[in-house]
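For reference, the chains in residue letters:
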Amino acid sequence: MRRVGLTLLTIAFGISIGFLFANRWSVQGQGRAGAGFAAVPGEKGGWDLTGPYEVVKDWPKPLSQLPGHEKWTWGSMEGVFAESPNRVYILQRGELPLLPRPQGKPVPDFGPSLSFPVGQVPFRNASQGPVSSPPGAGGPGADPNDPAQAWKGRMGIDARWEHCFVVLDANGNITEQWTQWDSLLRRPHAVYINPYDPDKYVWVVDDHNEALFKFTHDGKQLVQTIGTKGEAGEDDKHFNRPTYLAWLPDGTMFVADGYNGHRVVKFDKNGKYLMAWGEKGTPPNETRPGYFNVVHGIAADPVSKHIYVSDRGNRRMQVFDENGKFITQWPFENPSSVNALYIGADRKIWAFDDTTSHVVQYDSEGHLLYAWGALGDYPGALFNMHGASVDQEGNLYVAEVAGGRVQKFRPRAGANPAYLVSKPVYAAWK
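Residues numbered from 1 in each chain as written. Predicted model: local features only at pLDDT ≥ 70, side-chain atom pairs only at ≥ 80, totals over all residues. Heavy atoms only, no water.

Chemist: Whenever I open this one, the environment of Val107 confuses me. Can you help?
Modeler: Structurally, Val107 is set in the loop between strand E6 (105-106) and strand E7 (115-116). Take Val107: its relative accessible area is 17%, and that puts it in the buried class. Note: C-alpha distance between Val107 and Pro117 (10 residues apart in sequence) is 9.6 Å. Residue contacts for Val107: discarding those within four places in its chain leaves Leu114, Ser115 and Phe116. (Helix = DSSP H or I, 4+ residues; strand = E, 2+ residues; numbered from the N terminus. Buried < 20%, exposed > 50% of the residue type's maximum accessible area, 1.4 Å probe, protein only. Contact = heavy atoms within 4.5 Å.)

In C-alpha cells form, the structure reads like this:
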C-alpha cells in the first residue's frame, strides 16, 4: 500500500508540474500576439496571399489607352528592371488582342465533358500555345530557325509585333516607347542595367537572336552586340539561346546560356570573353556538379563573389565561385521550375518559381526562410513568373510570361522587413 501511495503521489506531482508548465507556455503564447510567420506581425485573419506586399492598382496603365491600341493589350511579359520608381523598363513579346473572359462553352472536339474556359483559372496563356505571343519555338530545345516550330498566328489579328520595349513611370504611364528596336528584337528575354556602371547602359538578352544588346541609357543607340546575331553555338563568339545576366562589383559579367546551351559564360567589364563552364546533364535528376539542363536564372553575391545558378531542368540551385569552381547545391521542390533569381543588398537569395507561383527566400547556404504566392490572374496572384526587380523604395516588380502582365507590389504597412525582397545594390549610381 505504501508503494502504491508513493506511486500515486509521484503521478499527481507530475501532472501538477505538467499543468503548470502548460499553463505557463499558454500564458506566454497569449502574450506574444501574432507570433509566428505572419508577414505583418500581430495581423488578424488573412493568409499572406501577397506576403509582405500589397498590389498597386492600375499599374501599369492599360496598353489600350494608347492611340491606335484600343483593341490591344500587353503580350507575354518577359523581363522587368526598375532603375528607379519612376523609370521601369519592361520587355514583352508584342501585343495581344484585348479580350473579356469568354463564356463557358463545351469543346467536344477535344474530348467528352470538357469546356472552355475552365472555371477559376486564367483563360489565356500569353506565352504558350500556337497562337500565343510570337515568335514560337520558345521551350528548351526548340530551334528558333525551324519553320515547323514557328508561331502559327495571324499577325495583326492574333498578335502585333509592337512595343516590345517600353519604359514606365511610378504611376504606370508609358513615358518612353523604344519601338525603333522592334525590328531588331526576335525574342527579348531579359533587361538590365549593370548596378556598377555609372553610365547606365541598358542590356537586353535576346535568346532567339543568340545575342546580348547594349544600348545607351536613352535608348537611341546600340553600342555593342555580344554573340553572333542569329547564329547559335557554344564558344567565345556564340551563345545557344542565352537567358539572364549577373554582375560583380568590378564589372565582370556572367551569362546564363541557356535554353539550349549548358554553361555559364564570363566576360570582363568591356565584354571580352574570359571563360565558360558547364556540361550537358541528364535531366530531370542530374546531381553532378557543373552539369546543366536549362541554365536559366543567375545571380551574383557582391561580397562572397559566389555565382548562383538555377539549373532549371534538374530542379536545383548550383553555386560556384567566380571562376566556376563548384561550391554547393541544393534542391528545389518537385514540380518547381525556378525561372528568375535575385540577390539584393542584404545578400539573401530569392527564387521566383513558375509552376508553384511561389516567391521563395533562402539564405546563402540554401536554408528556406520564407515563401508566398498563389496561382491565378486576379491582382496579386502569379501566373508563370519570369522576371523580377526591386526599386530604391522597396517596390517589387514581377513579370509574368503566361499572365501577360507586370505587377507592382508595394511593401505593406508594418510588414516584417526580413520578409521583403531586399532593395538593390546600385553601387555606381547617384
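Now, onward.
Chemist: What exactly am I supposed to notice about the sheet that holds strand E8 (residues 165-168) here?
Modeler: Across a sheet, strands are paired by hydrogen bonds formed along the backbone, either parallel or antiparallel in direction. As summarised here, the arrangement of the 4 strands in space is E3-E4-E8-E9, forming an open sheet in which the pairing is antiparallel. The strands lining the two open edges of the sheet, one partner per strand, are strand E3 (77-84) and strand E9 (174-177). In this sheet, neighbouring strand axes are inclined to one another by 25° on average, regardless of whether the strands run parallel or antiparallel. Looking at chain direction, strand E4 (residues 87-92) and E8 are connected through 4 bridges and run antiparallel. (Pairing = 2+ DSSP bridges. Axes fitted to C-alpha atoms, helices over the stretch in contact; angles between N-to-C directions.)

Chemist: Mind showing me how you'd approach the nonpolar core here?
Modeler: Inside soluble globular proteins, nonpolar side chains tend to come together where they are buried. Membership of the largest hydrophobic core comes to 47 residues, with the highest contact counts inside it found for Leu212, Leu245, Met253, Ile298, Phe352 and Leu396. If we ignore the near neighbours within four places in the chain, the residues touching Phe352 are Ser337, Val338, Asn339, Ala340, Tyr342, His358, Val359, Met385, Ala388 and Leu396. Judged by nonpolar contacts, the second largest core, of 20 residues, contains Val167, Leu184, Val202 and Trp429. (Core = buried A, V, L, I, M, F, W, Y, C linked by side-chain atoms within 4.5 Å.)

Chemist: Before we go on, may I ask you to explain the sheet that holds strand E28 (residues 385-390) in this structure?
Modeler: An order of E1-E30-E29-E28 is seen for the 4 strands of this open sheet, with the pairing classed as antiparallel. With one partner strand each, in any of the chains shown, strand E1 (53-55) and E28 form the two edges of the open sheet. Strand-to-strand twist in this sheet, taken as the mean axis angle between neighbours without regard to direction, amounts to 30°. Note that E28 and strand E29 (residues 396-400) share 5 bridges and pair antiparallel. Residue pairing for E29: Ala388 is matched across the bridge by Val398.

Chemist: Mind showing me how you'd approach the pairing of strand E11 (residues 202-206) here?
Modeler: It is a general feature of regular strands that their side chains alternate between the two faces of the sheet. Judged by how many residues are buried, E11 sits mostly within the fold: 5 of 5 residues are covered. Neither face of E11 is open: one carries Val202, Val204 and Asp206, the other Trp203 and Val205, and all of them are buried. Relative to E11, strand E10 (residues 188-193) runs antiparallel, the two sharing 5 bridges. Following the sheet pairing, Ile193 is matched in E11 by Val202. Across 5 bridges, the pairing between E11 and strand E12 (residues 211-215) is antiparallel. Each bridged residue has a counterpart across the sheet, and for Val202 the counterpart in E12 is Phe215. The hairpin turn running from E11 into E12, its antiparallel successor, is 4 residues long, and Glu210 in that turn takes a positive phi close to 55°.

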